[in-house]
Amino acid sequence: MSKQPDMQTETEDEGDVSPEEYVALSDFTGAGSDQLTFSCGDRLLVHAKPSSEWWWAEVREVIGYAPASYLRERATDEEEEGEDDACPDDPWQDEEYFGSYGTLRLHLEMLSDKSRTEAYRQVILSNSASLRNKVVMDLGCGTGIISLFCAQLAEPSLVYAVEASSMADYTRQLVKQNGCEEVVTVLQARAEEVELPEQVDVLVSEWMGNCLLFEFMVESVLQARDCWLREGGVMWPSSAALTLVPCQAHSYYEEKMAFWERPYGLDFTPLQPLAQQEFFTKPKFSHLIEPADCLATPSDVILLDMYTLQVKDLEEIKGQFHFCVDKPGSFHGFTAWFTVHFDSLETGGATVELNTGPHAEPTHWKQTLFMLDKPVSVCVGDSISGTIALHRNPIWRRHMTVSLDWNIHSSTEATENCKANTLTLHYA
Ligand SMILES: NC(=[NH2+])NCCC[C@H]1O[C@@H](n2cnc3c(N)ncnc32)[C@H](O)[C@@H]1O
């Protein structure tokens, strides 16, 4: 969340509104004396809107700042009965989420992803000696593959394999089937609630979702870190980076937009605004970008340190970018992917990398494509600069909105062809 404006410096009329009643969509704990703290469902009186992100409001006679994204205008009486969706009873959608991991489909997809699974195997293998007599927590172990690698390739004293879904019953069987029950203990529990008899030396997890954070399993990892990782313990992954690049996407554009120009000799272009709204206002997961589609050198726009990252930081994560176009073409959109790194347990030992980008082995995550509403022709020497912001959904806690704001400075036009653009895409 960007810093709230300083109310004292706001002139009287800036943003002042006659008090309007809003409902809190989610709990919020204010940081500092001038931010409000409120609970989901609280009624707030909004007195001023000095910025789009922070409003000056009152709750239970306390005045302060409230994040606008947490508030919804109070419905009129007759709409009131719909109020309970303001505070859904399952904001993490855990029933559906853990239900999906109780079946084999997703586990088969993950285990079939050689690049992903071999990276974790490589981590265990290259740290085999250092893992001796260590206590490990495998958070969200699924079928237990990482725990089985630990038991098979190293000699840890104990591995706590924590899995919340019903897959845990089968994971216990797999541990026994492979003769690892001495080392691996499977606990069916949410990592946030699990009770371990001891702290752990290593917390390993495969938590990454689309665009790195989708599903927000990372929150569970951070909570487990704060609860169970001993002082000086190791996080695997140790760090994560979100990478972005401006790109061409001719085939996707042809498929979803150009198609309407002359289907079967007819002019269907009046449907193109509909196509733009339906296909280009949300990210395209599982996009496979060709290296040749990159219009500039990809850039890491967000870097996460898994030792210092805090849950509250996940509400909004921002990054800057400045791309120098190095090949002429159609700027159709931006593609994003992530890379995670695993520090060696030995000081100065080799780091293992899992890179999900177009220059590495393909993974089941592939990449994520954010399409512009209209492509822009760019030339070598043009620059594309701006910011990316990942806003976590205040209600549905596994979802987020990705906002991209950028300008294009053309090198060819005499005047600064500085086009301000905003692209905000909501995850479904
Ligand atoms: N890379 C991802 N996007 N997902 C791959 C790992 C997901 C696995 O972790 C389990 N899992 C996810 N969150 C939790 C949690 N808080 N506690 C226990 N198991 C979990 C989930 O049931 C599944 O088996």
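Shown above is the structure to which this text applies.
Quick look at the structure, then.

**Here we look at the overall build of the protein chain**
And then number 1: Within the protein chain one finds 8 helices and 20 strands.
And then number 2: Taking all 428 residues of the protein chain together, the buried fraction comes to 51%.
And then number 3: Contacts in the protein chain between residues far apart in sequence, at least 24 positions, make up 71% of those at least 6 positions apart.
And then number 4: Total accessible area on the protein chain is roughly 20300 Å²; 51% of this is exposed by carbon and sulfur atoms.

**Regarding the pattern of salt bridges**
And then number 1: Considering all chains together, one arrives at 15 salt bridges under this definition.
And then number 2: Residues joined by salt bridges that share partners form a network here, namely Asp94, Arg190, Glu192 and Arg398.

**Points about the site of the ligand**
And then number 1: Close contacts around the ligand come from 20 residues, with Glu163, Ala191, Glu206, Met208 and Glu215 the closest.
And then number 2: Taking Glu206, its side chain carries an N or O atom lying 2.5 Å from a nitrogen atom of the ligand.
And then number 3: Here the ligand, which alone exposes 530 Å², has 98% of that area covered by the protein.
And then number 4: Taken together, the elements giving at least two residues each to the shell around the ligand come down to α1 (94-100), α2 (104-112) and α6 (217-228).
And then number 5: In terms of residue class, the shell around the ligand is made up of 10 nonpolar, 5 polar and 5 charged.

**So, the sheet that holds strand β9 (residues 200-205)**
And then number 1: Pairing in this open sheet of 5 strands is parallel, and the strands run β8-β7-β6-β9-β10 from one edge to the other. Strands at the two margins of the open sheet, each flanked by one partner only, are β8 (184-187) and β10 (229-236). Shown here is a sheet whose adjacent strand axes are inclined to one another by a mean of 20°, direction ignored.
And then number 2: Pairing geometry for strand β7 (residues 158-162) and β8, over 4 bridges, is parallel. Across the sheet, residue Val159 finds its bridge partner in β8, namely Val184.
And then number 3: Seen against the sheet, α6 touches β6 (135-139), β9 and β10 and runs at an angle of roughly 155° to β10.

**Quick notes on the state of the cysteines**
And then number 1: Going through the model one piece at a time under the given rule, you end up with 0 disulfides.
And then number 2: Free of any disulfide, Cys247 has its nearest cysteine sulfur in Cys294, 7.2 Å distant.
And then number 3: Residue Cys294 is classed as buried on the basis of its relative accessible area, which comes to 8%.

**Concerning the environment of Asp293**
And then number 1: Take Asp293: it is sitting in the loop between β12 (284-287) and β13 (299-305).
And then number 2: When its relative accessible area of 19% is taken as the criterion, Asp293 is described as buried.
And then number 3: C-alpha of Asp293 to C-alpha of Cys247: the two residues are 46 residues apart in sequence and 5.3 Å apart in space.
And then number 4: Setting aside residues up to four positions removed in sequence, Asp293 forms contacts with Pro246, Cys247 and Gln248.

**Comments concerning a nonpolar patch on the surface**
And then number 1: Side chains of Tyr264, Leu266, Phe268, Leu271 and Leu274 sit close together on the surface and give an oily, nonpolar patch of about 560 Å² of accessible area.
And then number 2: Looking at where Leu274 falls in the secondary structure, it is placed in helix α8 (residues 272-279).

**Here we look at the packing of aromatic side chains**
And then number 1: According to the stated counting rule, one finds 19 aromatic pairs in the structure shown.
And then number 2: Seen in terms of ring centroids, Tyr120 and Phe342 are 5.0 Å apart; in terms of plane orientation they differ by 75°. Their pairing is edge-to-face. Of this pair, Tyr120 sits in helix α3 (residues 114-126) while Phe342 sits in strand β15 (residues 329-342); the two residues are 222 residues apart in sequence, bridging distant segments of the chain.
And then number 3: A relative accessible area of 1% places Phe342 in the buried class.
And then number 4: By the ring-pair criterion, three or more aromatic residues cluster together here, those being Phe28, Phe38, Trp54, Trp56, Tyr65 and Tyr70.
And then number 5: Taking the ring centre of Trp55 as reference, the NZ or CZ of Lys49 above it sits at 4.3 Å.

**Examining the packing of α2 against α3**
And then number 1: In the contact formed by α2 and α3, the axes pass within 5 Å of each other and the chain directions differ by 70°. Between α2 and α3, the angle falls in the class roughly perpendicular. Here α2 contributes Met110, Leu111 and Ser112 to the contact with α3, which in turn contributes Lys114, Arg116 and Thr117.
And then number 2: Along the lines of polarity and charge, the residues of the contact of α2 with α3 split into 2 nonpolar, 2 polar and 2 charged.

**Regarding unusual backbone geometry**
And then number 1: Each neighbour pair has its own omega, and for Trp236 with Pro237 the value is -5°, a cis peptide bond.
And then number 2: Here Pro237 lies in the loop between β10 and β11 (239-247).
And then number 3: Phi angles above zero are rare outside glycine, and Glu215 is one such case at about 90°.
And then number 4: Within the element layout of this structure, Glu215 appears in the loop between β9 and α6.
And then number 5: With a phi angle near 50°, Phe216 is a residue other than glycine that sits in the positive phi range.
And then number 6: Secondary-structure assignment places Phe216 in the loop between β9 and α6.
And then number 7: Using a relative accessible area of 1% as the deciding quantity, one classes Phe216 as buried.

**Some words on the packing of α3 against helix α4 (residues 145-153)**
And then number 1: For the pair α3 and α4, the least separation of the axes is 9 Å and the interaxial angle reads 35°. Considering the relative orientation of α3 and α4, their crossing is right-handed. The residues of α4 that touch α3, namely those facing Thr117, Tyr120, Arg121, Ile124 and Leu125, are Ile145, Ile146, Phe149, Cys150 and Leu153.
And then number 2: When its residues are assigned to classes, the contact of α3 with α4 shows 8 nonpolar, 1 polar and 1 charged.

Conventions we followed
Residues numbered from 1 in each chain as written. Predicted model: local features only at pLDDT ≥ 70, side-chain atom pairs only at ≥ 80, totals over all residues. Heavy atoms only, no water. Helix = DSSP H or I, 4+ residues; strand = E, 2+ residues; numbered from the N terminus. Buried < 20%, exposed > 50% of the residue type's maximum accessible area, 1.4 Å probe, protein only. Contact = heavy atoms within 4.5 Å. Areas by Shrake-Rupley, 256 points an atom, 1.4 Å probe, with all protein chains shown as cover. Salt bridge = Lys/Arg side-chain N within 4 Å of Asp/Glu carboxyl O. Near = heavy atom within 4 Å. Polar contact = N/O pair within 3.5 Å; in protein donor to acceptor, adjacent residues only side chain to side chain. Nonpolar A, V, L, I, M, F, W, Y, C, P; charged D, E, K, R; others polar. Pairing = 2+ DSSP bridges. Axes fitted to C-alpha atoms, helices over the stretch in contact; angles between N-to-C directions. Disulfide = S-S within 2.5 Å. Patch = residues over 30% accessible without salt bridge, like charges linked within 9 Å, V, L, I, M, F, W, Y side chains within 5 Å. Phe/Tyr/Trp six-rings, centres within 6.5 Å; stacked < 30°, edge-to-face > 60°. Lys NZ or Arg CZ within 6 Å of the ring centre and 35° of its normal. Parallel < 35°, antiparallel > 145°, perpendicular 65-115°, else oblique. Left-handed = near helix turned anticlockwise from the far one by under 90°.

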